[in-house]
Amino acid sequence: MGDTTGQVVAGGNGKGNRLDQLNSPTDVLIDKETDSLIICDPGNRRVVRWSRRSDTIQGEILIDNIWCWGLAMDDQRYLYISDTDKHEVRRYQIGDKNGTLVAGGNGEGVGLNQLNCPYYIFVDQQQTVYVSDKNNHRVMKWNKGAKEGIVVAGGQGQGNALTQLSHTNGLFVDTLGILYVADSRNHQVMRWPKGAKQGTIIVGGNGYGVEANQFRYLRGLSFDQHGNLYVADRDNNRVQRFSIE
C-alpha cells in the first residue's frame with residue numbers, strides 16, 4: 001500500500017512455457033494455506049502454483065491441457081476453474097487433475113445449461129458458482145449440484161441498456177447477494193441487486209477514454225475490506241481504485 005513500484009512475484013522471465021515463465025496470465029488467487037499464488041496461464045494451457053517465499057524461482061503445474069481463464073477458491077479449499085474451450089467450470093481438489101463439472105459442459109450455446117466463453121468466476125459460502133458468461137453477455141448463477149443455471153444479470157442480448165451487458169468480465173458478489181460486474185465493452189462497472197431485472201452503473205459509463213471516470217475495456221475487479229473497488233483497466237494499462245458508498 002502506497003508503493004510507487006511493484007515487485008515481480010511470478011514469471012518476469014519473458015513470455016514462454018518454461019516453469020519460470022508465464023504466457024498471458026489472466027487470473028491469480030492466494031492460497032493462504034500454502035502461502036502460494038495459483039495462476040491461470042492460458043497461453044500455456046495450464047494452471048500453475050508459485051510459492052510466495054522469496055527464494056522461489058519457478059512454479060509447478062497443477063493442471064495442464066486446459067484453456068483456463070478464471071479462478072476461484074471456496075472455504076474448503078476447492079479450486080474452481082473456467083474453461084473457455086469446453087465452455088464449462090470445474091471444481092478441483094488440489095492435486096486432482098480431472099475435477100467435477102459445476103457449470104456448463106453442454107457445449108457452446110445460450111441455453112440455461114450452457115455457457116459461451118466463461119471468463120471470471122465467483123464462489124460464495126454455499127458453493128454457489130457465479131460465472132461471467134462473456135459471449136452471452138450475461139452473468140449466470142449455478143447453485144451447488146444444479147443441472148442448469150439462473151440468469152442474474154443481462155441475458156437480454158448485447159447492448160448498453162440497463163437491462164443489458166456487453167462482454168461480461170470480472171465479478172464479485174457481496175454477503176447480501178448484490179452482484180458487481182465489469183461490463184467490458186460498455187466501459188463501466190454495474191451493480192445488480194439480488195432478483196433485479198436491471199442494473200445501475202456505479203463507476204464508468206462515460207464512454208471509452210483515458211480520464212479518471214472512464215475505462216478502455218475493463219477486465220478484472222476486486223474489493224478490499226474497506227469497500228474500495230479495484231478495476232483492471234486493460235487498454236489504459238492501469239488499475240484504478242474507487243471508493244464505493
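Residues numbered from 1 in each chain as written. Predicted model: local features only at pLDDT ≥ 70, side-chain atom pairs only at ≥ 80, totals over all residues. Heavy atoms only, no water.

A. Expanded view of the overall build of the protein. Secondary structure summary: the protein contains 0 helices and 19 strands in total. The C-alpha radius of gyration computed for the protein amounts to 17 Å, which stays within 12% of the reference 18 Å derived for 245 residues, consistent with globular compactness. With the C-alpha coordinates of the protein rotated into their principal frame, the extents come out at 50 × 45 × 30 Å. Summarising the internal contacts of the protein: among those between residues at least 6 apart in sequence, 38% fall at separations of at least 24. Total accessible area on the protein stands at roughly 12,600 Å², and carbon and sulfur atoms take up 44% of it. Of the charged side chains in the protein, 27 are positive and 27 negative; the average position of the first set lies 3 Å away from that of the second. (Helix = DSSP H or I, 4+ residues; strand = E, 2+ residues; numbered from the N terminus. Rg over C-alpha atoms; globule rule 2.2 N^0.38 Å. Contact = heavy atoms within 4.5 Å. Areas by Shrake-Rupley, 256 points an atom, 1.4 Å probe, with all protein chains shown as cover. Lys, Arg positive; Asp, Glu negative; His and termini not counted. Charge placed at Lys NZ, Arg CZ, Asp CG, Glu CD.)

B. Seen up close, the domain arrangement of the protein. According to the domain assignment, the protein consists of domain 1 (7-66) and domain 2 (68-243). Computed from C-alpha coordinates alone, the two centres of domain 1 and domain 2 are separated by 22 Å. Taken together, the contact between domain 1 and domain 2 spans 19 residues of the former and 15 residues of the latter. One can count 1 salt bridge joining domain 1 with domain 2. (Domains from an automatic or database assignment. Salt bridge = Lys/Arg side-chain N within 4 Å of Asp/Glu carboxyl O.)

C. Representation of the UniProt feature "repeat: NHL" (unreviewed entry) in the protein. Mapped onto this structure's residue numbering, the UniProt feature "repeat: NHL" (unreviewed entry) falls at residues 208-245. Along residues 208-245, the helical share is 0% and the strand share 47%, with 24 Å between the first and last C-alpha atoms. (UniProt positions renumbered as here; feature names shortened; annotations may be inferred.)

D. Up close: the pairing of strand E3 (residues 46-51). Judged by how many residues are buried, E3 sits mostly within the fold: 5 of 6 residues are covered. Relative to E3, strand E2 (residues 36-41) runs antiparallel, the two sharing 6 bridges. By the bridge assignment for E3, Ser-36 is matched with Ser-51. Hairpin connection of E2 to E3: 4 residues between the antiparallel strands, including Arg-45 at a positive phi of 55 degrees. Pairing analysis gives 4 bridges linking E3 to strand E4 (residues 60-64), with the strands arranged antiparallel. Paired with Val-48 across the strands is Ile-61, a residue of E4. (Buried < 20%, exposed > 50% of the residue type's maximum accessible area, 1.4 Å probe, protein only. Pairing = 2+ DSSP bridges.)

E. Fine view of unusual backbone geometry. Even without being a glycine, Asp-35 presents a positive backbone phi close to 50 degrees. With respect to the element layout, Asp-35 can be found in the loop between strand E1 (27-31) and E2. Positioned with a positive phi, Asn-65 is a non-glycine residue whose angle comes to about 55 degrees. Here Asn-65 is to be found in the loop between E4 and strand E5 (68-73).

F. Local environment of the state of the cysteines. This structure, assessed with the given rule, holds 1 disulfide. Linked covalently through their sulfurs, Cys-40 and Cys-68 form a disulfide whose S-S length is 2.4 Å. Taking the sign of the torsion about the S-S bond as the criterion, the disulfide between Cys-40 and Cys-68, at about 135 degrees, is right-handed. You can see Cys-40 sitting in strand E2 and its partner Cys-68 sitting in strand E5, a full 28 residues away along the chain. With respect to burial, Cys-40 and Cys-68 carry one shared label: buried. Here Cys-117 stays free of any disulfide, with the sulfur of Cys-40 as its closest cysteine sulfur at 12 Å. (Disulfide = S-S within 2.5 Å.)

G. Structural view of the pattern of salt bridges. As enumerated under the stated definition, the model contains 10 salt bridges in all. Of the charged contacts, one joins Glu-60 and Arg-49 as a salt bridge, the two residues approaching to 3.0 Å between their closest N and O atoms. Taken together, the residues span a long stretch of sequence, with Glu-60 in strand E4 and Arg-49 in strand E3 at a distance of 11 residues. Notably, a salt bridge pairs Arg-238 with Asp-233, separated by 2.7 Å at the nearest N-O pair. Residue class for Arg-238 comes out partly exposed when judged on its relative accessible area of 25%.

H. Broad picture of the packing of aromatic side chains. Taken as a whole and judged by the stated rule, the model has 8 aromatic pairs. Between Tyr-119 and Tyr-120 the ring centres are 6.2 Å apart and the planes differ by 85 degrees, which places this aromatic pair in the edge-to-face class. Each of the two residues, Tyr-119 as well as Tyr-120, counts as buried. Measuring from centroid to centroid gives 6.4 Å for Phe-122 and Tyr-130, while their planes differ by 65 degrees, and the two rings are edge-to-face. According to the relative accessible area criterion, Phe-122 is buried, its value standing at 17%. A relative accessible area of 7% means that Tyr-130 is categorised as buried. Against the face of Tyr-78 rests Arg-91, its NZ or CZ located 5.2 Å from the ring centre. (Phe/Tyr/Trp six-rings, centres within 6.5 Å; stacked < 30°, edge-to-face > 60°. Lys NZ or Arg CZ within 6 Å of the ring centre and 35° of its normal.)

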